[in-house]
Amino acid sequence: MDHGREDAARPPRFLKGTASEQSSPEVQVWLEDEFPARRSIPEVDRRSALKMMGGTLAIAGLALTGCRWQPQRKIVPYVGDREGNLPGKRKKFATSLVSQGYAFGILAEQMDGRPLRLDGHPDHPASLGSIDSARQAELLNLYDPDRMKFPAYRGDTSAWPEVLKSLREALRQSPQGEGVAFLTTTVGSPSLAAQLQAFLAKYPKAQWVQYEVANRDNQRAAATLAFGRDLEISYNLKAADIVVAVDADLTTYGPANVRYQRDLAARRAPGEGVEMSRIYALESHPTSLGVMGDHRVRIKPSEAMPILAALAAKIGVPGAPAATVPPSVDQKVFEAMASDLLAHRGTSVVTVGDHQPAEAHVLAHAINSFLGNFGTTVIATAPIHPAPAFQVKGLQDLTTAMAAGQIGLLLMLGGNPVYDAPADLKFAAALEKVTLSAYMGSHLNETAEASKWQLPESHFLEAWGDGLAFDGTYTVVQPLIEPLYDSISKLELLQSLNGEERNGMKAVQATFTQRAAGTEVWRNFLATGILPGTATSEQPAVNPAILGALNAPKPASGLELVLLPDPYIGDGRNANNNWLQETPRPLTNLTWDNALLMSYATAKRLGITPVDEKKVPIVGTPYYGKADVVKLTVGGQSMEVPVWVNMGQADDVLVLHLGYGRREGGTFLTAGDEERGGGFNAYPLRTTSGLSIAYGAQVEKTRKEYVLASTQHHNTIDASVADSDRELI
C-alpha cells in the first residue's frame, strides 16, 4: 500500500500511467488496438497485419542485399583444431566478474572457443544461479568494436615494449617513488592488491589511491563510529520476517543485489510452505523493492534520519536521540512498524540506502543490534577489500598534489575521473600538470583522451584474476578466450613493472596457495570457481555512547536532489552498451536518456506540464508529447535537463541518474540531440559536499522541449478484455 500525503484510507489504485484514467478517444484507440494506424484497412486482423509486416521486411532485406555485390568467399575450417573439441558443442566454465571491488560468480557458456552467454553461478553466494541485466550485458562489452585495440601515445599507435620503456624511465628518475601515484578503482582482487603492495615496497614513497563513484565511504565511516572498526554489513533476507528499508533499494544496487532478489522472492511466495515476509519501504522515489512492499511511504531524503531516530526511541534503543516522526509518515504505519520489529527480534532487518549519510547507518546498526539481528539476518564481516580506504579523501589529497605539480608519474587503472570526479576537485585541470600520465581501460574515454598514454585493458573473459564475494568467498577469474586486441590486464601490467614474468595465472595461483594447497584442490578451484569455507562473519557490539553524540536530526526544507548511478549503465562505464541503453529503466521505462524525475504535485507547482498532458503526441507514441526542459541549479552550478513526472515519487524530491552525457568512449554513448539520445551529464552538480544528496536545489522552466523515449504505454493489447476487472499495473 502506498502511504502518501493523500488520504491513506482511500483504497490503492494500480495505474499504467495517468493516461490510464483518461477516457479521451485518442487513448481508447490505443487501448483497443495495438496498430491503430491500420484503421484504413479494418478488415485485416492483427495476425494478418503482422504477416504483412514480416513480408515487407523480408522484401526489404532482399532489396538491400541486392544493392551491393558480394564477392564469393570460401569457408576455411580449422587447420588444427583443439584436442577434444567438438564443433558446435556448448561448454560452460566457472569464472567471476569483479566490479566495484566485489566478485560475482558467473557460468560462461562457450562454443568453438568463443563466449556466447553469461549466467549466474548456482553455487556462488552473490548469484545463486541468477544474473541481472548489467552483468549479463558484459558479453557485449567483450565484443564491442569501440574498445581500445592497441597502446597509443597521444593517440599515435605504439606497442607494449615502448609503453614499459617509457614508464620504467620515469620510475628510474624516482628511485624511492617520489611523485609516483596509482589511481585505481576499488581493488577487490587479492592478487592485484599483492602486486600493488609489492610495487609500494619497492618504491616506498609512491602513492596508491582508490576511487569510484559507488564507494563505501559512508558505510565505512558508520561502522567506525558504531563498532570502533571497519566492518562490512550484508543481510540474510531469507531469514527476515520483517524488512524495513529506509531510502534503500537492495534489489538494484550493491554487490549482493541479485542474492537479495532471490532471498526476498523466496519469502514472497504464498502457498510455498513459508510465511510471507512483511516489507516496509520508506523511500524518496519508487524502487523495485518499494513496489513489492506491503507498506510504502514516500519520504524526503532528509527525513530518513528523523524516522530512524524516532524508530530507535520508540522501540527503546538506549541513548536514541530525540526526534519527531515527519508528517509524511502515517502514524498508524509507524506504530505498526515498531510493533512488528519488537515482535520479531532476531528475524527482522532495518537497512538504509548507501547514499544516506553515515549517521543514518549508525542508527540502523543500533536498531539491529538492539533487536538481536546480528548473526541471523544481519551479517558483519571484516573488510572484504584488501586495502580499504576513504576514497573521496584520498582523491582530494591526490588532486591537490597533482595541481601543485608534485606528481610526475600518474598511472590510472580503470575508472574515468576526468568525467566522474567531484566537480569541485577540478581533476581534469590538475591532470594537465602531471608530467607523464597513463590510463588503462577498455575504451578511449574522457580520461584516456586527457592522458599521454592510452593502454587497452583486457576484458575479464580474456584474462586471469581473482576476487572476493560480498561475504568474503574467494573466487577465480579465468579467461575463456585469448585477447581479441593487443591488450593486457592490470595484473599483468603490474607484474611487468615489478620485473616479474607477465603471467596472470601464476599470480592467482600464488595467492591461492596462501589459502589452500594441493594440485587437486587447485584443479577443483578452477572447475568450481570458488574456494569453499572462505566466507567470514563476526558478532560486533555497538558503542553504547555513540547515539548520544549524534546531532538531533531535522528534515530540510526546499527541493532535495538525489544523484544516483543509473540502474543499468551505472556510473557511465556501460554507456556504450546499446543493449543496456535500450533496456527500459525500472518503473519509468525510459530508454537512451536520463531525465529529472519529480512528482506530479511538484511539477505542477513549478509550472511543468507532464508529457502525457501535452496536446500533440509525438508520432508513433500513443499518449505523450515532448518533455519540458528545465534549468537545474545546485550550489551555483547549473544544467539543462528534461523532466519526467514519476508516479509515486515524494513531493519536493528530484532524482537524476548519473552516467549520461558522455563525450568520449564509443559510438552509442555520445550525447547528441533528441533523436540520438545520450542523456545529460549530472556530474558537474556533484561536489564533495553533496556527493549523492544536495539540498536547496532550484528549478527554472525554460522554453525548450526534448523527446524522451519511454516504453511505459507501448503495446497494450486487448486491455478491455484482459483487464476488465482492474486497472493496469
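Just above, that's the structure.
The structure presented is a predicted model; accordingly, all values stated were derived computationally and were not measured.

A few words now on unusual backbone geometry. For Leu-587, which is not a glycine, the phi torsion comes out positive at approximately 75°. When you line up the elements, Leu-587 lands in the loop between α20 (578–582) and β22 (590–591). Taking relative accessible area as the criterion, Leu-587 reaches 37% and is therefore assigned partly exposed. In this structure, Trp-592 is a non-glycine residue whose phi angle is positive, near 70°. Checked against the element boundaries, Trp-592 lands in the loop between β22 and β23 (596–598).

It is worth spelling out helix α7 (residues 217–227) at this point. If you check which residues of α7 are buried, you get Asp-217, Gln-219, Arg-220, Ala-222, Ala-223, Ala-226 and Phe-227. In this structure, the buried side of α7 is in contact with β9 (232–235), α11 (358–370) and α12 (391–403). Downstream of α7 by one or two residues, Gly-228 has phi in the positive range, about 80°.

Turning our eyes to something else, we now look at the sheet that holds strand β19 (residues 474–477). If you walk across this open sheet you meet the three strands as β18-β19-β20, and the pairing is antiparallel. In this open sheet, the two edge strands, each paired with only one partner strand, are β18 (465–468) and β20 (530–531). Of the strands in this sheet, β18 and β19 are in contact with helix α6 (residues 190–202), which crosses β18 at around 105°.

The next subject is the packing of aromatic side chains. Pairs of aromatic rings are described using the distance from one ring centre to the other and the angle between the two planes. Applying the stated criterion to the full structure yields eleven aromatic pairs. Taken together, a centroid distance of 4.8 Å and an interplanar angle of 70° make the contact between Tyr-419 and Tyr-683 edge-to-face. In this pair, Tyr-419 sits in helix α13 (residues 417–420) while Tyr-683 sits in the loop between β26 (653–658) and β27 (693–706), placing the two residues 264 residues apart along the sequence. Exposure remark for Tyr-683: the relative accessible area of 1% places this residue in the buried category. Summarising the aromatic geometry, the rings of Phe-680 and Tyr-706 are spaced 5.1 Å apart at their centres and angled 70° between planes, so their arrangement reads as edge-to-face. Of the two residues, Phe-680 sits in the loop between β26 and β27 while Tyr-706 sits in strand β27, which places them 26 residues apart along the sequence. Both residues of the pair, Phe-680 and Tyr-706, count as buried. Grouped by ring-pair contacts, the aromatic residues Tyr-474, Phe-512, Trp-522 and Phe-525 constitute a single cluster. Its end group placed over the ring of Tyr-485, Lys-149 keeps NZ or CZ at 5.0 Å from the ring centre.

Here is what the cut-offs are and how they apply
- Residues numbered from 1 in each chain as written.
- Predicted model: local features only at pLDDT ≥ 70, side-chain atom pairs only at ≥ 80, totals over all residues.
- Heavy atoms only, no water.
- Helix = DSSP H or I, 4+ residues; strand = E, 2+ residues; numbered from the N terminus.
- Buried < 20%, exposed > 50% of the residue type's maximum accessible area, 1.4 Å probe, protein only.
- Contact = heavy atoms within 4.5 Å.
- Pairing = 2+ DSSP bridges.
- Axes fitted to C-alpha atoms, helices over the stretch in contact; angles between N-to-C directions.
- Phe/Tyr/Trp six-rings, centres within 6.5 Å; stacked < 30°, edge-to-face > 60°.
- Lys NZ or Arg CZ within 6 Å of the ring centre and 35° of its normal.

On their own, these measurements won't tell you what the molecule is for.
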